[in-house]
Amino acid sequence: MQLVQLNDHYIEQTKEFMYLCWNDTYRKILEQDFIDKFLGKAYSTERLTMRSKLPFYLVLDEDNIVGMANFSFTNEKGEVNLYAIYVHPEYKGRGIGSQLLNEGIKNLKPAVIFLEVEKENLQAIEFYEKKNF
C-alpha cells in the first residue's frame, strides 16, 4: 500500500470513495438526502481541489483509494483540525486509520488535534478513544 497527497489525478476517485464511506458510516444515522447534499458540496471537484492544498492523505492499494485523512495546517498555537479519516469498509481493521493519523501527526507536529464525531458513530468514537482522544 502507498500513501500519497490528494492531487488532481485522484479527485474523481476521492468523490466516489467518500460516497461509499459516508453511506457505509452514516446510512443508519442520517437521512440519505442529507448525505447526498453534504457530499455534493463538501466533496465537489472545486472543494477537493481546494482541499488538495491542505494535508489530505490517501492510502492506495494499487491505484485504488482505501483510506483518506484530511487535516488543517498547524496554526500559531500548535493546533490542528482533523477534518476526516475514512477507511474503505473492506479494509477496516488493517491499521490504515492509524497510519493516516500517524502521518498527520508526523508531518504537522501538532501540540493539539481537534476533531468532531457524530455521537452515533460509535466505531469512530472507539477508534479515537483508543488513540487517547
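Residues numbered from 1 in each chain as written. Predicted model: local features only at pLDDT ≥ 70, side-chain atom pairs only at ≥ 80, totals over all residues. Heavy atoms only, no water.

## Section: the pattern of salt bridges
Applying the stated criterion to the full structure yields five salt bridges. In this structure, the salt-bridge partner of Asp33 is Lys37, at a minimum N-O distance of 3.2 Å. Of this pair, Asp33 and Lys37 are both found in helix H2 (residues 32-42), four residues apart, which corresponds to roughly one turn of the helix. We classify Asp33 as partly exposed; its relative accessible area is 47%. Since its relative accessible area comes to 53%, Lys37 is described here as exposed. The partner of Lys106 in a salt bridge is Glu103, with the nearest N and O atoms 3.5 Å apart. One end of the pair is Lys106 and the other is Glu103, both in helix H4 (residues 96-108) and three residues apart, which spans about a single turn. (Salt bridge = Lys/Arg side-chain N within 4 Å of Asp/Glu carboxyl O. Helix = DSSP H or I, 4+ residues; strand = E, 2+ residues; numbered from the N terminus. Buried < 20%, exposed > 50% of the residue type's maximum accessible area, 1.4 Å probe, protein only.)

## Brief notes about the sheet that holds strand S2 (residues 56-61)
On the basis of which strands lie adjacent, the open sheet formed by five strands has the order S1-S2-S3-S4-S5 and mixed pairing. Only two strands of the sheet have a single partner each, and these edge strands are strand S1 (2-5) and strand S5 (112-114). Each neighbouring strand pair of the sheet contributes to a mean axis angle of 30°, computed without reference to strand direction. Against the sheet, H4 touches S1, S2, strand S3 (64-71), strand S4 (79-87) and S5, its axis set at about 40° to S3. (Pairing = 2+ DSSP bridges. Axes fitted to C-alpha atoms, helices over the stretch in contact; angles between N-to-C directions. Contact = heavy atoms within 4.5 Å.)

## Comments concerning the layout of surface pockets
With a probe scaled to a water molecule rolled over the atoms, the places where space remains empty come into view. For the largest pocket, the calculated volume is near 950 Å³. Those elements that place two or more of their residues in the lining of the largest pocket are helix H1 (11-26), H2, S4, H4 and helix H5 (122-130). Among the residues making up the lining of the largest pocket, the classes are represented as 19 nonpolar, seven polar and eight charged. (1 Å grid on protein atoms, 1.4 Å probe; cavity = no way out; pocket = protein on both sides within 12 Å on 5 of 7 lines; lining within 4 Å. Points joined across faces, edges and corners; volume = space filled by probe spheres on them. Nonpolar A, V, L, I, M, F, W, Y, C, P; charged D, E, K, R; others polar.)

## A short note on the side chain of Asn23
Within the secondary structure, Asn23 is located in helix H1. Excluding residues that lie within four positions of it along the chain, Asn23 makes contacts with Gln32 and Ile35.

## Focus on the packing of aromatic side chains
One pass over the full model with this rule turns up seven aromatic pairs. The interplanar angle of 65° and the centroid separation of 6.0 Å between the aromatic rings of Tyr57 and Phe71 together place this pair among those described as edge-to-face. One end of the pair, Tyr57, is in strand S2; the other, Phe71, is in strand S3, with 14 residues separating them in the sequence. The two residues Tyr57 and Phe71 agree in class, both being buried. Their ring planes at 75° and their centres at 5.5 Å tell us that Tyr128 and Phe133 sit as a pair that is edge-to-face. (Phe/Tyr/Trp six-rings, centres within 6.5 Å; stacked < 30°, edge-to-face > 60°.)

## Describing the environment of Glu62
Take Glu62: it is sitting in the loop between S2 and S3. A relative accessible area of 69% places Glu62 in the exposed class. In sequence terms Glu62 and Met1 are 61 residues apart; their C-alpha atoms lie 6.8 Å from each other.

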